[in-house]
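What the coordinates show
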Amino acid sequence: MLIGVDFGGTAVKAGLVDGGEVVRSTSTATRLDRGPTEILDAIASTVLALTPKPEAVGVAIPGEVNSEGRCWRLANVPGFEDVSIGEELSKRLSCPIAVENDATTAALGEQLYGHGRQHPSFLMVTLGTGVGGGLVIGQQLYPGSNGFAAEIGHNNVDSSADAPVCACGQRGCIEAFAGTKALLRRFAELGGTATEVLPISVSARRGEEAGKKTFEMMGRALGKGLAVIQNVLDLNAIVFSGGISASFDLIEQHIRAGLRENVFGKPPGEVPLLVSELGERAGVIGAAHLTTL
Ligand SMILES: [Zn+2]
């Protein structure tokens, strides 16, 4: 049976995976203050809690990684700059380790067991604190030559001087309109109070302006950014995942409007916009199958 690990900013989840099913799983909290050595130890012990002798392990990480398993950096986990995650875990677990970006990994899960079965070329958009992406072209996962493919969150959609500042330091990125912090900020500007996305959804579902306008901002920015992707790739589908997916019906019309307004030619603007079939499980399932690529 395959083993997949989803290493996130809040938890390390590990699962024994059979095809598209997580048969058994366990998780430990990620201690961000502990530094890479202790975090890597924690990942290894989480895997060993599932099985004492793993044959191969796939790991999804919240950052960019090259084909040798060396991490560029993890935006929300300090100290991982240039760490060879693959090599370090291989030492601890005495087996081959495959490491990949989390959104790219989720795209692999979706390719094999979700919408990818009907749609050979698609972009997976992960919506959360950050906005990430994973790309599958012609039923082939495409991580990019440096592991940076489909990092759509930092494409610019507003070049005006007063565009909101993004976590990456630039202004006007998609993430500065569609990431969780951007939504909370906009909702507050419109008179709402929220420390998470749920109250924004509740407000929008009640038909209140604050919630509706917050999601309009998000959807418009996503649509404008995705139009650029569609002009380049003319994909079969765009698949959305992350906690916000439950509110997707409130955002979809604005994404579609932004797409139609900015795309070249009508057909690529009508691309199906879908919610991930695998949801939260895409990370562990995709990670497990990294070992078979
Ligand atoms: Zn940015």
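For the structure given in this document, a descriptive report is provided here. (Residues numbered from 1 in each chain as written. Predicted model: local features only at pLDDT ≥ 70, side-chain atom pairs only at ≥ 80, totals over all residues. Heavy atoms only, no water.)

1. Section: the coordination of the zinc ion
Listed as protein donors to the zinc ion are His 154 (ND1), Cys 166 (SG), Cys 168 (SG) and Cys 173 (SG); their distances from the metal cover 2.0 to 2.4 Å. The motif formed by the donor residues of the zinc ion, counted along the single chain, is H-x11-C-x1-C-x4-C. Of this pair, His 154 sits in the loop between β10 (140–141) and α4 (175–178) while Cys 173 sits in the loop between β10 and α4, and the two are 19 residues apart along the sequence. Taking relative accessible area as the criterion, Cys 173 reaches 1% and is therefore assigned buried. (Donors = N, O, S within 2.8 Å, 3.2 Å for Na, K, Ca; no water. Helix = DSSP H or I, 4+ residues; strand = E, 2+ residues; numbered from the N terminus. Buried < 20%, exposed > 50% of the residue type's maximum accessible area, 1.4 Å probe, protein only.)

2. Overview of the packing of helix α7 (residues 209–233) against helix α8 (residues 248–262)
Packing of α7 against α8 brings their axes to within 6 Å, and their N-to-C directions diverge by 40°. When the axis of α7 is compared with that of α8, the two are oblique. Classified by chirality, the crossing of α8 by α7 is right-handed. Among the residues forming the contact of α7 with α8, the class breakdown is 10 nonpolar, seven polar and five charged. (Axes fitted to C-alpha atoms, helices over the stretch in contact; angles between N-to-C directions. Parallel < 35°, antiparallel > 145°, perpendicular 65-115°, else oblique. Left-handed = near helix turned anticlockwise from the far one by under 90°. Nonpolar A, V, L, I, M, F, W, Y, C, P; charged D, E, K, R; others polar.)

3. Quick notes on unusual backbone geometry
Even without being a glycine, Ser 94 presents a positive backbone phi close to 55°. Along the chain, the position of Ser 94 falls in the loop between α2 (85–93) and β7 (97–101).

4. Here we look at helix α6 (residues 198–205)
Inspection of α6 places Ile 200, Ser 201, Ser 203 and Ala 204 among the buried residues, and these make up the whole buried set. Projected down its long axis, α6 carries its buried residues within an arc of 160°, all on one side. Turning to α6, the residues buried within the fold contact α5 (180–189), α7 and α8. Positive backbone phi, at 85°, marks Gly 207, one or two positions downstream of α6. (Arc of directions from axis to C-beta. Contact = heavy atoms within 4.5 Å.)

5. Details of the sheet that holds strand β9 (residues 131–137)
Pairing is mixed in the open sheet, where five strands are placed in the order β10-β9-β8-β11-β12. Of all the strands in the sheet, the pair left with one neighbour each is β10 and β12 (273–275). Two elements, strand β8 (residues 122–127) and strand β11 (residues 237–241), share five bridges in a ladder whose sense is parallel. In the strand pairing of β11, Met 124 is matched with Val 239. Here helix α3 (residues 102–113) sits on the sheet and contacts β8, β9, β10 and β11; the angle it forms with β9, its principal contact strand, is near 45°. (Pairing = 2+ DSSP bridges.)

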